[in-house]
Amino acid sequence: MKHIEQQELAINSPESYWQEQSELVAWYKKPQTILSKNTDSWHDWFADGELNSCYLALDYHIEQGRGADTALIYDSPVTGQKQKFTYLELTSLVAKFADVLRSQHVTKGDRVLIYMPMIPQAAIAMLACARLGAIHSVVFGGFAANELAVRINDAEPKVIVGASCGVEIAKVIPYKPLIDDAIEIATHKPNNCIIFQREEVEAQLVPGRDLDWQEQMDIAIEIPPVPVKSTDPLYILYTSGTTGKPKGVVRDNGGHAVAMQYSMKNIYGMKKGDTFWAASDVGWVVGHSYIIYGTLMAGCTTIVYEGKPIRTPDAGAFWRVCAEYKVNALFSAPTAFRAIGKEDPEGDLLKEYDLSSLKRLFLAGERLDPATYHWLKEKTQLPVIDHWWQTETGWAIASTPLDDGNGNIVATKAGSAGFPIAGFDVQILDGDGQQVPAGQQGSVAIKLPLPPGCLATIYQDPERLVSGYLSNHPGYYTSGDGGYIDEDGYLFIMGRIDDVINVAGHRLSTGEMEEVLSGHPAVAECAVVGINDALKGQVPLGLVVIKNGITASDEELISELKQSIRDDIGAIASLKKLLIIDRLPKTRSGKILRKTLRQMIDGQEIEIPSTIEDTQVITELSGALVGINKG
Ligand code: COA
Ligand code: AMP
């Protein structure tokens, strides 16, 4: 069927469309109620269905006679390790780790926080939670102790599962001290920590609280999956919002399972036995959906890759993995390919590998810039598909269909994320909530209801779902992105229209960085804006006004402020550029003119708002800001 016809069906008759798609899932109890309201403004999918997400990802395939097939490949160029797990082997480990958690009194609905690098144990811990009906919350390893503490306080986990260390290029990062510090800072204290000891670093275990992963696994038994309701939460994943407090996006079990199966088939064109590689991290939504759940639920082989696109050992790393494991589709972030293209511009390393199994490349996390799109297409001669999504949706809102319904390829357009996926009624709205004509930019919104698999609520804060996403334009979900739809129906996502920035595919809040900078005793006020970066897409730039009477030198202050961002948020924030200035441009009511700052930095024509407090500040700043993102 043509994607436009699918879209019409899904939007005009969502219940019958998604009831049919729900047949892709092996429910314990098939849902009779497909779409129902849970509050005035929000909805549930498949409310009376029962299932278990771990069963669907593992045991189901064994029942289908595929136990000896490879479920997960671990490839770690940073440690030199490679390992394969069949569905039988992975299920056994997950079923035992579920028993380890159960022995620590983790039951359905309890939260378990997972802070681990890209090792198979991270996948095992996640799936073991799902097996028990416990709710996992994975925190990306690049976040510092303070960020971890914020998430511990919000999720209130009974248990934290960690590893002794992460391994980055040429450096080992001990994780356990970060976990200990986070527990110290947090007001909520977990009962236990279960720590996987890696060869590179042995973590100190706190007697009475910390348990050794392997010792516990040695005495565990395999336990079966626990049925849960479709609407029971599977996980909480924190993501940056416009304020300093991250949002705990809650994912349900039932809608998620349907969305995962649907997307693996219809967006990625994968079938059981295929190998799908999402070169991301389990700490991000891409990792949740397509390193773990979607890929395994679809009966494919997944790859847990502990390495980088470059320098592990070279810019051929991705092509090596694709050739070695006969990867059928690769999914990564544009920044990864910009890094590869910078080091291997002619694609010489790519030519060294047999990539005949690779059928398509999928890109997301940030806009695929036309230059990288053309480079990838030319060098790989493969379809290069940019697709747009968010932690909140859990799967792609837009992509280019695999074919036009008659077996013909649908052309991709440079710079576009393709067409809305069935069920996502994407519209471009102006400030008054009216649809704008084709080609005109506006706020990208999705008419309710959202299809299955999207956020169920914001953990501990359901009001934030309404204030953050639903109140701008009643009846719509506001994505926070700006963009347009062209005359041919292609969607272009041009960037965030709020205070969120995207650094190397990592979503970060400038508001949160401002909170950290303002916490320094010498800082009177500050602003953080995202500026263009050739490799990472965007990087933050900090502008700081120092209090009178501070004796420390500018150099000392800049170095302290940069360090405070690393300590409080983490190295991934990459705040490398920081300027001390005399004053910031503001409105008369005291609002910092961030848009004006961005325009000045990017050398664009500056729209000076009529509400500006004093236009002189623009002249003062322009010399300091022009050219800042070039060096
Ligand atoms: N644990 C601990 N520290 C981490 C980390 C982790 N999991 N991931 C990153 N860091 C640290 C890095 O070591 C680095 O620290 P440094 O400043 O002390 O050197 C810092 O965070 C920034 O890392 P990174 O963003 O990876 O930048 P980089 O310059 O080292 O590498 C790229 C650039 C483009 C190669 C890298 O950003 C990359 O691979 N990006 C792909 C991102 C991606 O897949 N995103 C998923 C979205 S789908
Ligand atoms: P995250 O929640 O971390 O996945 O980040 C989501 C945000 O990343 C979106 O709101 C967009 O701003 C950006 N993003 C993700 N994928 C794309 C894409 N294909 N094109 C443009 N922006 C994207």
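Read on for an overview of the structure. (Residues numbered from 1 in each chain as written. Chains lettered and ligands numbered in written order. Predicted model: local features only at pLDDT ≥ 70, side-chain atom pairs only at ≥ 80, totals over all residues. Heavy atoms only, no water.)

### Considerations on the nonpolar core
What counts, and what does not: The criterion is simple. A nonpolar core is a set of buried Ala, Val, Leu, Ile, Met, Phe, Trp, Tyr and Cys residues joined through side-chain atoms within 4.5 Å. Between buried and exposed lies partly exposed: a residue is buried under 20% and exposed over 50% of the maximum accessible area for its type, with that area taken using a 1.4 Å probe on protein chains only. Numbered from the N terminus, helices here are DSSP runs of H or I no shorter than four residues, and strands are runs of E no shorter than two. The contact criterion used is simple: two residues touch if any of their non-hydrogen atoms lie within 4.5 Å.
Core analysis: the biggest nonpolar cluster contains 112 residues, and Phe-97, Leu-101 and Trp-395 have the highest contact counts within it. Among the elements that make up this core, the one with the highest residue count is helix 6 (residues 120-132) (10 residues). In this structure, Leu-101 is in contact with Val-106, Val-112, Ala-128, Cys-129, Leu-132, Val-159, Val-161 and Ile-194, ignoring residues within four places of it in sequence. Grouped together as the second largest cluster of nonpolar side chains are 60 residues, Leu-113, Ile-160, Cys-193 and Leu-508 included.

### Focus on the sheet that holds strand 5 (residues 81-86)
How we decide: Two strands are said to pair when DSSP picks up at least two bridges between them. Only the stretch in contact is used when fitting a helix axis, every axis being a line fitted to C-alpha atoms; angles between N-to-C directions are given from 0 to 180 degrees.
The seven strands are arranged 5-4-17-16-18-19-20 in an open sheet whose pairing can be described as mixed. What marks the edges here is a single partner per strand, and that holds for strand 5 and strand 20 (384-386). For this sheet, the mean angle separating the axes of adjacent strands, direction not counted, is 20°. Sheet topology note: the strand 18 (residues 329-332)/strand 19 (residues 360-363) ladder contains four bridges and is parallel. Paired with Phe-331 across the bridge in strand 19 is Phe-362.

### Focus on the site of ligand 1
Which entries qualify depends on this criterion: We call a residue near a molecule or strand as soon as one heavy atom of that residue lies within 4 Å of the molecule or strand. As used in this structure description, the phrase polar contact means that two N or O atoms lie within 3.5 Å; if the pair is within protein, one of them must be able to donate a hydrogen and the other to accept it, and residues adjacent in sequence are counted only when both atoms belong to side chains. Residue polarity follows a fixed list, in which Ala, Val, Leu, Ile, Met, Phe, Trp, Tyr, Cys and Pro are nonpolar, Asp, Glu, Lys and Arg are charged, and the others, Gly among them, are polar. A domain assignment, automatic or from a database, supplies the domain bounds used here.
The full set close to ligand 1 counts 20 residues, and Glu-168, Lys-171, Lys-308, Lys-536 and Arg-566 are the nearest of them. In this structure, a nitrogen atom belonging to ligand 1 sits 3.5 Å away from a main-chain N or O atom of Gly-142. Separating an oxygen atom of ligand 1 from a side-chain N or O atom of Lys-308 is a distance of 2.8 Å. Across the shell around ligand 1, the residue classes tally to nine nonpolar, six polar and five charged. Domain assignment of the residues forming the shell around ligand 1 places at least three in each of domain 1 (23-66 + 87-272 + 284-304 + 425-483) and domain 2 (504-630).

### Brief notes about a positive patch on the surface
The cut-off we apply is this: Nonpolar side chains (Val, Leu, Ile, Met, Phe, Trp, Tyr) are joined into patches within 5 Å and like charges within 9 Å, using only residues with over 30% relative accessible area and no salt bridge. Computed with the Shrake-Rupley method and a 1.4 Å probe, the accessible areas treat only the protein chains shown as cover for residues. One speaks of a salt bridge when a side-chain nitrogen belonging to Lys or Arg is within 4 Å of a carboxyl oxygen belonging to Asp or Glu. Two residue types count as positive, namely Lys and Arg, and two as negative, namely Asp and Glu; His and chain ends fall outside the count. A charge is said to be at NZ when it belongs to Lys, at CZ for Arg, at CG for Asp and at CD for Glu.
Residues Lys-171, Arg-311, Arg-566 and Lys-576 make up a contiguous surface patch of positive charge. In this fold, Arg-311 is placed in the loop between strand 17 (301-305) and helix 12 (317-324). Given a relative accessible area of 52%, Arg-311 falls into the exposed group.

### Re unusual backbone geometry
Cis peptide bonds are those with omega within 30 degrees of zero, and the linkage from Thr-312 to Pro-313 qualifies with 0°. Mapped onto the secondary structure, Pro-313 falls in the loop between strand 17 and helix 12. Following Leu-448, the chain continues into Pro-449 via a peptide bond in cis, with omega recorded as 0°. Residue position: Pro-449 is located in the loop between strand 24 (442-447) and strand 25 (457-458). Of note, the phi angle at Glu-156 is positive, near 50°, even though the residue is not glycine. On the secondary structure map, Glu-156 appears in the loop between helix 7 (145-155) and strand 8 (159-163).

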